[in-house]
Amino acid sequence: MNTVTPLTPATPPTPLSPPARATPDAARAAAEAVRDPELPMLTLADLGVLRDVRLEDDGSVTAVLTPTYSGCPALAEMRADLDAALRSVGFATVHVRTELSPPWSTDDITAEGRRKLAEAGIAPPGRAPRRSTGPIPVTLTVRPDSAVRCPQCGSPDTEETSRFGATACKALRRCRACREPFEQVKEI
Amino acid sequence: MTDDHVYLSLAEEHGDDTRWAFGTGFEDPLHGVDTTLPAGVDADELAALCLALADDALVAAQRLAEWVTLAPELEEEVALANIGLDLLGQARLLYARAGQAEGKGRDEDALAYLRDPGEFRNVLLAEVPNGDFAHCVVKLLLLSSWRLAQLQQLIGHADPVLAAVAHKGVSELTYHRDHAAQWVVRLGDGTDESARRTGAALAELWPYRAELHAAAPETRNEVEAVLAEVLAAARLDVPGEDATVPAVSGRSGEHTEHLTELLAELQGVARSDPEAIW
């Protein structure tokens, strides 16, 4: 499933029905509020890694996560946090499924997520490159930077100092106007 | 997580003794993924392919990790470690898939830590010991150009798990190859000394392409075209094929003594207590 889809209505009361708090809305709200361990200003919903939250017929809940990078060490942490959040709103049985396809892209970060990143001094990503099925051209020069604005002073006059930052998802940049270094979530 | 601070959150109760710190308590990296083998996919072939791609990534990641504390500048150290981390992540997913396909009950740890050098299938270029920084970026250019071309073709593989791992890996490898290519251009078209060192690294490593092309002939044209473009931009001459490379084949399990040394370090702790929970 590519997008978070509307939840199915609650199943009619049966002997297996979950306790009163364990509603679809509660499940959705609890899962969406879980924070990313490495970018804690963002929720999993802001980051776009939470692909579905649904109630099953047996009263359990299933959340579907997608990883950001292949080697991201935060995935197990996210899974555990999701599990705990869903248990805290009354679900005794929680399944966290991992969906690898289609791969996560920084284009999946919501507008709200981008606003929160900028507020925290991290420049949000630009549009991820479109890929055709043919060979990917090699980029021999540092890419033009005009799209990345300094999150401190708003100047577009910024430069990349390193494509790789403190976590897999970030690049290091510097503002030529206010001289502040800053991080950017790099397009993927 | 109740606390916004990642390190403070480590001290929280997790209700699970095996997860004693951030990133530990590794479980199956394919946890929660539908891992049914589709009809029409040969399980042995899939296992062999995943294992070879995983071994290339693990061994290359270990060589990159050896640069930590030794790279010419902090940013570069972070970059090389990040590239290694991407490869390690790919290796974990591929080992898990290989273990499922072969059906002998081996998980990612058994495949990474409990096999002897003769059971590894990585290409020799991945195990070549590190040299100077020019050597590092030339090796990374060769390996990442080749791996990117392979992964892109594997997006169409009949096994959806391998196809998904490849698809994700393509975005990562595009960054790795660009990083290496930009350094090769900077060094090749830099000072006399940087050009000399880059040329020497190329002369040493260039003939290892033969094994890359033998292992993935379908990527040959693309890889050669990329390398020619980068060398032209770097004002470096295409070297001859006359440097000596070991007359063995990593894909057949024949390796140099360098892999034995690398694995001794990589596997030593895990083998000293195979039952330990990390």
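What counts as what
Residues numbered from 1 in each chain as written. Chains lettered and ligands numbered in written order. Predicted model: local features only at pLDDT ≥ 70, side-chain atom pairs only at ≥ 80, totals over all residues. Pairing = 2+ DSSP bridges. Helix = DSSP H or I, 4+ residues; strand = E, 2+ residues; numbered from the N terminus. Axes fitted to C-alpha atoms, helices over the stretch in contact; angles between N-to-C directions. Contact = placed C-beta atoms within 7 Å. Core = buried A, V, L, I, M, F, W, Y, C linked by C-beta atoms within 7 Å. Buried ≥ 20, exposed ≤ 12 C-beta atoms within 10 Å, placed from the backbone. pLDDT = per-residue confidence, 0-100. Parallel < 35°, antiparallel > 145°, perpendicular 65-115°, else oblique. Left-handed = near helix turned anticlockwise from the far one by under 90°. Nonpolar A, V, L, I, M, F, W, Y, C, P; charged D, E, K, R; others polar. Expected span 1.5 Å × (residues − 1).

Enquirer: Hey, could you run me through the sheet that holds strand β3 (residues 94-98) of chain A in this one?
Expert: Two modes of strand pairing occur in sheets, parallel and antiparallel, and in both the strands are linked by backbone hydrogen bonds. Residues and elements named next belong to chain A. Ordered in space as β1-β2-β3, the three strands form an open sheet in which the pairing is mixed. Edge positions in the sheet fall to β1 (50-55) and β3, since each of these pairs with one other strand and no more. Going from strand to strand, the sheet's axes swing by 15° on average, the running direction of each strand aside. In terms of strand pairing, β1 meets strand β2 (residues 61-65) through five bridges, oriented antiparallel. Looking at β2, one finds that D52 is bridged to V64. The sheet contacts of helix α1 (residues 24-32) involve β1 and β2, and relative to β1 the element is tilted by about 155°.

Enquirer: In this structure, what is going on with the nonpolar core? I would like to understand it.
Expert: For soluble globular proteins, the rule of thumb is that nonpolar side chains tend to be buried together. Membership of the largest hydrophobic core comes to 125 residues, with the highest contact counts inside it found for C50(B), V137(B) and V184(B). Setting aside its immediate chain neighbours within four residues, C50(B) contacts L94(B), R97(B), A98(B), A101(B) and L162(B).

Enquirer: Would you take a moment to explain the confidence of the model for chain A for this structure?
Expert: Regions with low pLDDT carry predicted coordinates that are not meant to be interpreted in detail. All names here are of chain A. Averaged over every residue, the pLDDT of chain A is 85; the share at 70 or more is 86%. Every residue in residues 1-6 scores below 50 in pLDDT, and together they form eight contacts with partners more than four places removed in sequence or on other chains. In this model, residues 9-18 is a region of pLDDT below 50 whose contacts with residues beyond four sequence positions or in other chains number 12 contacts.

Enquirer: Which parts of the structure should I look at to understand the packing of helix α5 (residues 133-154) of chain B against helix α6 (residues 160-188) of chain B?
Expert: Relative placement of two packed helices is described by the angle separating their axes and the distance separating the axes. All names here are of chain B. Put simply, α5 and α6 touch, their axes get as near as 7 Å, and they point 150° apart. In terms of orientation, α5 lies roughly antiparallel with respect to α6. When you trace α5 past α6, the crossing you get is left-handed. In terms of residue class, the contact of α5 with α6 is made up of 18 nonpolar, six polar and two charged.

Enquirer: What exactly am I supposed to notice about the packing of α5(B) against helix α7 (residues 192-205) of chain B here?
Expert: All names here are of chain B. Put simply, α5 and α7 touch, their axes get as near as 8 Å, and they point 45° apart. The angle between α5 and α7 falls in the class oblique. The handedness of the crossing between α5 and α7 is right-handed. Note on element contacts: α7 touches α5 through S194, R197, T198, A201, L202 and L205, opposite A134, H135, V138, K139 and L142. Here the residues of the contact of α5 with α7 are counted per class, giving six nonpolar, three polar and two charged.

Enquirer: What am I meant to see in the confidence of the model for chain B here?
Expert: All names here are of chain B. For chain B, per-residue confidence averages 89 on the pLDDT scale, and residues scoring 70 or more make up 90% of the total. Contacts for the low-pLDDT stretch residues 1-26, under 50 throughout, to residues beyond four places or in other chains number 29 contacts. Reported for the predicted complex are a pTM of 0.86 and an ipTM of 0.78.

Enquirer: Even after reading the chapter, I still don't get the sheet that holds strand β7 (residues 181-185) of chain A, so can you show me in this structure?
Expert: Pairing within the open sheet is mixed, and its four strands lie in the order β4-β7-β6-β5 (chain A). Of all strands in the sheet, those bounded by a partner on one side alone are β4 (122-123) and β5 (158-162) of chain A.

Enquirer: Honestly, helix α3 (residues 75-88) of chain A in this entry has me stumped. Any pointers?
Expert: One turn of an α-helix holds 3.6 residues; hence residues three or four places apart share an orientation. Residue and element names in this part refer to chain A. End to end, α3 covers 20 Å across 14 residues, agreeing with the expected 20 Å (1.5 Å per residue, within 8%). Buried residues of α3: L75, E77, M78, R79, D81, L82, A85 and L86, and no others. Among the structural elements, α1, α2 (44-47), β2 and β3 are those in contact with the buried residues of α3. Phi turns positive, to about 105°, at G90, one or two residues after α3.

Enquirer: So what exactly am I meant to see when it comes to the interface of chain A and chain B here?
Expert: Accessible area lost when the parts come together is the quantity often used to give the size of an interface. The interface of chain A with chain B comprises 32 residues on the first partner and 48 residues on the second. Elements with a contribution of two residues or more to the side of chain A that touches chain B: α3, β3 and β5 of chain A. With four residues, α3(A) is the single largest residue contributor to the side of chain A that touches chain B.

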